[in-house]
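Given next are the chains, with one letter for each unit.
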Amino acid sequence: MAAEKWVYMVTAQTPTNIAVIKYWGKRDEVRILPVNDSISVTLDPDHLCTVTTVAVSPSFDRDRMWLNGKEISLSGSRYQNCLREIRGRAGDVEDKEKGVKIEKKDWEKLHLHIASHNNFPTAAGLASSAAGFACLVFSLAKLMNVDEDASHLSAIARQGSGSACRSLFGGFVKWEMGSKEDGSDSVAVQLADEKHWNDLVIIIAVVSSRQKETSSTSGMRESVETSLLLQHRAKEVVPKRTLQMEEAIKNRDFASFTQLSCADSNQFHAVCLDTSPPIFYMNDTSHRIISLVEKWNRSEGTPQVAYTFDAGPNAVLIARNRKVAVQLLQGLLYYFPPKSETDMKSYVVGDNSILKEAGLDGANSVENLQPPPEIKDNIGSQDQKGEVSYFICTKPGRGPVVLPDQTQALLDPETGLPK
Amino acid sequence: MAAEKWVYMVTAQTPTNIAVIKYWGKRDEVRILPVNDSISVTLDPDHLCTVTTVAVSPAFDRDRMWLNGKEISLSGSRYQNCLREIRSRGGDVEDKEKGVKIEKKDWERLNLHIASHNNFPTAAGLASSAAGFACLVFSLAKLMNVEEDPSQLSAIARQGSGSACRSLFGGFVKWKMGSKDDGSDSVAVQLADEKHWDDLVIIIAVVSSRQKETSSTSGMRESVETSLLLQHRAKEVVPKRIVQMEEAIKNRDFASFTQLSCTDSNQFHAVCLDTSPPIFYMNDTSHRIISLVEKWNRSEGTPQVAYTFDAGPNAVLIARNRKVAVQLLQGLLYYFPPKSDTDMKSYVVGDNSILKEAGLDGENSVENLQPPPEIKDNIGTQDQKGEVSYFICTRPGRGPVVLPDQTQALLDPETGLPK
């Protein structure tokens, strides 16, 4: 087989996800087992996704990976664990046309080339690890004809990055913490698919940050070690919230969804503040956005927008429907206008058809915005240009898919090297 | 007695205090009884104080009060409670020279004029209520010849403003939460006087704030009502910290003092964040100051500076000794320089002899500052002018005193009206 030069490839696309009941703290650092359940919303991969091409060939002399065009090392335990686990479940593969025939036992000896690409900047703090590891595991499972369902695959992705397990499904997903020591029951399950609640519109404010963030991995470890509030949260608060959130999602109860999402986001950040040394992920801009949403929700009587923040200053805002999303965007652009000469289409990306609905697609349209009537000018004035780098408009989305089109592959079909 | 025109006055000065184990949350809103103990450091009244003159005369037709020159209403329950409690404890007073003779029973019928003045701006968020109510109660106790000790007086001041009870003593003070419903055992006691640990130097950074703060009174009520972490803090965390802090103060154990002060300040702010709607008292500047101190402490191996923040963005920094305070000031002025043309003596107030020790009393001396060697440039650059309004240099200080000098009285000795 040494002279064989065939290259067999699969390309897949995976979404990222945002937790609404947060994962923060591990009970097992090696297997990546959490101290509580978490629930997330999968975001539309049309707007935010990872694409990964995995290739196998007898001519490859070692496992190699390229991330966003740059070769990276696969020696770390997270990659090694994922590769080992997926190889251990590989099946037989045959492609007569290409002359490919791989038996189960061959996978251990064959090497892989992996190329992965995020369509959003890593520096934007938009959870690229989650999408990345989910895509790695999903695409390898397809390549190797692995006979496991999505929840079983999620347990492998989990060992690459905890939140990656939730990106194996679309819609609304729960990562069950599990109780077994080997982590076999710490898996993601789908609560509802992306069509279940498709009124929701999601606007992400990518907030400019002057400082380097504490990584989630070290941050949550420090929290487990030093926060005297974390265990109480994990044992007493989150279990009840998880049940309530499942109900809220099932019933499309936006008021409860909002109350739970906002309270859980804030409590996660409270635990970060209760850590030694304290971790500040949100900044003044994040706080201004929260104030805006809180005031609006209260003035309307019933919540219109939910907010949640991960381990960074970006705001993920979930509007109850399109009409509310348009008003929200107008309010956000009033308080966080772009710098002069900015093309609106680069300031609001993703589903930017919303710009037209908001009357913001013309020149100088931002200057013509009125302050939202409900909000007294306690938020600050309209002079904070540059606080928000840009906005992304998206919605709940589907889970991983294979991309059959060869032009989307990131590796050359002949050489197996990055295109 | 109707034709009598004598005016009998007493003037007193009271310090403010800063909690190092925080009070946040009441179990009784009317009597102002807290959900946990708290411990504070009294600040030197030479730098921050309230001066109050209280006067009584048969010629006064009603109780009146002037605060910082402006007449205010005494009808609120906090003032009414303090006045009622102190009047009922009034004793006999005789001043033969002035022809003043007041019997215990007369106090109920006599009216009071009160003038109070803070030597620091109310807007600076430096706990003016604490000093104010403590001074009111202390000066009235002296006027009325009340025979109670400072702990008993603190129970009255407490009913004006919770933290006021701790300003009845100098040095290090504990407000015991008490267990009785009537609050008679919810009093302040002195742990150690101001000479006990007189190496400590305190630098307060008065941080510019764009937004109106949530008042402590409503903020802590919202926290009690909505934070799922507050009760755990009050029942499980604070009691242990109180015991440890008392030990740290007794033994002048600066490392423990720092660890406890910083974590308790952060946990208080964590509970504020865990409130609905969330309360953000600290801002990006507060966070930068914390980062600076945390990094410095870690690079030195043993803590040099403790920090604590109250219900606002101001940083109260406690340096272990004068030498450290000088280095701290240099670091702070490097990262938070004054705007151009600012007179250094108005940028560093209080004990500004420290400017000379820091080599910062000459012209352009701030431009010549070197970045502190221990701190990698992760804090941000030296271009954040105006983030800090000014600094106050002070230290632990004495408790309330009578000011016998007539020139310091705030009321005219003839008319009993503000001078």
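In this text the structure is predicted, and so the values were computed from the model without any measurement.

Notes on the overall build of chain B
Step number 1: When helices and strands are tallied, chain B shows 10 helices and 19 strands.
Step number 2: A compact globule built from 419 residues should have a C-alpha radius of gyration of about 22 Å, and chain B, at 22 Å, falls within 12% of that.
Step number 3: C-alpha extents for chain B along the principal axes are approximately 75 × 50 × 40 Å.
Step number 4: For chain B, buried positions account for 58% of its 419 residues.
Step number 5: Contacts in chain B between residues far apart in sequence, at least 24 positions, make up 76% of those at least 6 positions apart.
Step number 6: A total accessible area of about 17,100 Å² is found for chain B, and carbon and sulfur atoms account for 47% of it.
Step number 7: Computed over 48 positive and 54 negative side-chain charges, the inter-centroid distance for chain B is 2 Å.

Thoughts on the overall build of chain A
Step number 1: Within chain A, the secondary structure is distributed over 10 helices and 19 strands.
Step number 2: Reported as C-alpha extents along the three principal axes, the dimensions of chain A are approximately 75 × 50 × 40 Å.
Step number 3: The proportion of buried residues among the 419 residues of chain A is 58%.
Step number 4: Counting contacts in chain A only where the partners sit at least 6 residues apart, residues at least 24 apart contribute 76% of the total.
Step number 5: Of the roughly 17,100 Å² of accessible surface on chain A, a fraction of 48% belongs to carbon and sulfur atoms.
Step number 6: Put simply, chain A has 47 plus and 53 minus side-chain charges, and the middle of one group is 1 Å from the middle of the other.

Re the sheet that holds strand 2 (residues 17-21) of chain A
Residue and element names in this part refer to chain A.
Step number 1: Here four strands make up an open sheet; going across it, the order is 2-5-12-13 and the pairing antiparallel. Of all strands in the sheet, those bounded by a partner on one side alone are strand 2 and strand 13 (188-192). Here the strands of the sheet are splayed against their neighbours by 35° on average, with no regard to which way each runs.
Step number 2: Sheet topology note: the strand 5 (residues 38-42)/strand 12 (residues 172-175) ladder contains four bridges and is antiparallel. The residue bridging Ser40 from the neighbouring strand is Val173, located in strand 12.
Step number 3: Contacting strand 2, strand 5, strand 12 and strand 13, helix 5 (residues 230-250) crosses the sheet at an angle of about 115° to strand 2.

Overview of the domain arrangement of chain A
Residues and elements named next belong to chain A.
Step number 1: Partitioning chain A into domains gives domain 1 (6-192 + 401-406) and domain 2 (199-392).
Step number 2: Summed over both partners, the interface of domain 1 with domain 2 comes to about 2,700 Å²; 73% of that surface belongs to carbon and sulfur atoms.
Step number 3: At the boundary of domain 1 and domain 2, one finds three salt bridges.
Step number 4: Across the salt bridge formed by Glu246 and Lys174, the nearest N and O atoms sit 2.9 Å from each other.
Step number 5: At the junction of domain 1 with domain 2, the criterion picks out nine residue pairs in polar contact (both at pLDDT 80 or more).
Step number 6: Those elements giving two or more residues to the side of domain 1 that touches domain 2 turn out to be strand 2, strand 5, strand 12 and strand 13.
Step number 7: The greatest single-element share of the side of domain 1 that touches domain 2, amounting to four residues, is contributed by strand 2.
Step number 8: Residue classes in the side of domain 1 that touches domain 2 are distributed as 17 nonpolar, four polar and six charged.

Details of the pattern of salt bridges
Step number 1: In total, this model carries 45 salt bridges over all chains according to the counting rule given.
Step number 2: A salt bridge links Arg398(B) to Asp46(B), with the shortest nitrogen-to-oxygen separation between them at 3.6 Å. With Arg398(B) in the loop between strand 18 (388-394) and strand 19 (401-402) and Asp46(B) in the loop between strand 5 (38-42) and strand 6 (49-57), this residue pair connects regions lying 352 residues apart in the sequence.
Step number 3: In the salt-bridge network here, residues are joined through shared partners; they are Arg84(A), Glu85(A), Arg89(A) and Glu148(A).

Brief notes about helix 2 (residues 128-143) of chain A
Residue and element names in this part refer to chain A.
Step number 1: Along its 16 residues, helix 2 runs 22 Å from first to last C-alpha, staying within 8% of the 22 Å computed at 1.5 Å per residue.
Step number 2: In terms of burial, helix 2 is a largely internal element, 14 of the 16 residues being buried.
Step number 3: Positive phi appears at Asn145, one or two residues downstream of helix 2, with a value of about 55°.

Section: the domain arrangement of chain B
All names here are of chain B.
Step number 1: Segmenting chain B into domains produces domain 1 (8-193 + 403-408) and domain 2 (201-394).
Step number 2: Computed over C-alpha atoms only, the centres of domain 1 and domain 2 are separated by 28 Å.
Step number 3: Each side of the interface is counted separately: domain 1 has 29 residues, and domain 2 has 42 residues.
Step number 4: The largest per-residue losses of area from domain 1 upon contact with domain 2 belong to Ile21, Lys22 and Trp24, which jointly make up 30% of the total buried on that side.
Step number 5: One salt bridge connects Glu246 with Lys174, and the closest N-O pair in it is separated by 2.8 Å.

Considerations on the nonpolar core
Step number 1: Core analysis: the biggest nonpolar cluster contains 143 residues, and Phe257(A), Phe391(A), Phe257(B) and Phe391(B) have the highest contact counts within it.
Step number 2: In contact with Phe391(B), not counting residues within four places along its chain, are Ile203(B), Ile204(B), Ala205(B), Leu332(B), Leu333(B), Phe336(B), Tyr347(B), Val348(B) and Val349(B).
Step number 3: The next biggest cluster of nonpolar side chains, apart from the first, holds 53 residues, and it includes Ala90(A), Phe268(A), Val271(A) and Tyr281(A).

Focus: the interface of chain B and chain A
Step number 1: On the side of chain A, 28 residues touch chain B, which itself brings 29 residues to the contact.
Step number 2: In this assembly, chain B and chain A are joined by zero salt bridges.
Step number 3: Taken together, chain B and chain A are joined by six residue pairs in polar contact (both at pLDDT 80 or more).
Step number 4: Among the secondary structure elements, those contributing two or more residues to the side of chain B that touches chain A are helix 5 (230-250), helix 6 (254-273) and helix 7 (284-300) of chain B.
Step number 5: Broken down by class, the residue content of the side of chain B that touches chain A amounts to 11 nonpolar, 10 polar and eight charged.

Parameters at a glance
Residues numbered from 1 in each chain as written. Chains lettered and ligands numbered in written order. Predicted model: local features only at pLDDT ≥ 70, side-chain atom pairs only at ≥ 80, totals over all residues. Heavy atoms only, no water. Helix = DSSP H or I, 4+ residues; strand = E, 2+ residues; numbered from the N terminus. Rg over C-alpha atoms; globule rule 2.2 N^0.38 Å. Buried < 20%, exposed > 50% of the residue type's maximum accessible area, 1.4 Å probe, protein only. Contact = heavy atoms within 4.5 Å. Areas by Shrake-Rupley, 256 points an atom, 1.4 Å probe, with all protein chains shown as cover. Lys, Arg positive; Asp, Glu negative; His and termini not counted. Charge placed at Lys NZ, Arg CZ, Asp CG, Glu CD. Pairing = 2+ DSSP bridges. Axes fitted to C-alpha atoms, helices over the stretch in contact; angles between N-to-C directions. Domains from an automatic or database assignment. Buried area = accessible area lost by both parts, 1.4 Å probe. Salt bridge = Lys/Arg side-chain N within 4 Å of Asp/Glu carboxyl O. Polar contact = N/O pair within 3.5 Å; in protein donor to acceptor, adjacent residues only side chain to side chain. Nonpolar A, V, L, I, M, F, W, Y, C, P; charged D, E, K, R; others polar. Expected span 1.5 Å × (residues − 1). Core = buried A, V, L, I, M, F, W, Y, C linked by side-chain atoms within 4.5 Å.

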